[in-house]
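# Close look at the chain arrangement
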Amino acid sequence: RWRDQFIAKHGAIVYFWLTAIMFALAPAAAYNFSELVERHAYESYDKFLKEHGDELKKVSAPKPAIEYYDSVDPHMFDAFHTDCLIRRPKIETLYDVFINIRDDKAAHFRTLGQCQDPDSKQRDRLRDCE
């Protein structure tokens, strides 16, 4: 268990610095790399849900997940999406948690795709939604 945590934490540090260096050299490449990572995460969560959905529907959602999605603006959740929808998803089971994590990944890769488009109007989304 400590080995998994060690690898995950240090992998995150490597990912951060790799992305930071890429961004300094070629911002579009950094956005593209992050988009690919988020798309892969979406596909992984989607596959996991299809394989384990029935089991996950039998388990209650953990309290931190309920608090995260039910708070007023969890970690600027609304500010970092490229549409004007305020999304407060249903969180009752562990299946709901994984559905929402998967859907967050989809929003992330769409947003990262917009960041690569120099003609994108989505950068003004916060102003346009007010």
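How each quantity is defined
- Residues numbered from 1 in each chain as written.
- Predicted model: local features only at pLDDT ≥ 70, side-chain atom pairs only at ≥ 80, totals over all residues.
- Heavy atoms only, no water.
- Axes fitted to C-alpha atoms, helices over the stretch in contact; angles between N-to-C directions.
- Helix = DSSP H or I, 4+ residues; strand = E, 2+ residues; numbered from the N terminus.
- Contact = heavy atoms within 4.5 Å.
- Nonpolar A, V, L, I, M, F, W, Y, C, P; charged D, E, K, R; others polar.
- Core = buried A, V, L, I, M, F, W, Y, C linked by side-chain atoms within 4.5 Å.
- Buried < 20%, exposed > 50% of the residue type's maximum accessible area, 1.4 Å probe, protein only.
- Salt bridge = Lys/Arg side-chain N within 4 Å of Asp/Glu carboxyl O.

This part covers the packing of helix α1 (residues 2–25) against helix α2 (residues 27–56). Orientation of α1 relative to α2, taken along the N-to-C sense of each, is 145 degrees, at an axis distance of 5 Å. Within the contact between the two elements, α1 uses Y15, L18, T19, M22, F23 and L25 and α2 uses P27, A29, A30, Y31, F33, S34 and V37. Its residues assigned to classes, the contact of α1 with α2 shows eleven nonpolar, two polar and no charged.

Ranked by size, the top nonpolar core spans five residues in total: A61, A65, Y69, I91 and V97. Residues within four places of I91 in sequence aside, it is in contact with A61, A65, I66, Y69, D96, V97 and N100.

To continue, consider the pattern of salt bridges. For the structure on display, the rule yields seven salt bridges. Residue K90 pairs with D96 through a salt bridge whose shortest N-O separation is 3.9 Å. Members of the salt-bridge network, linked through shared partners, are D46, K50, R102 and D103.

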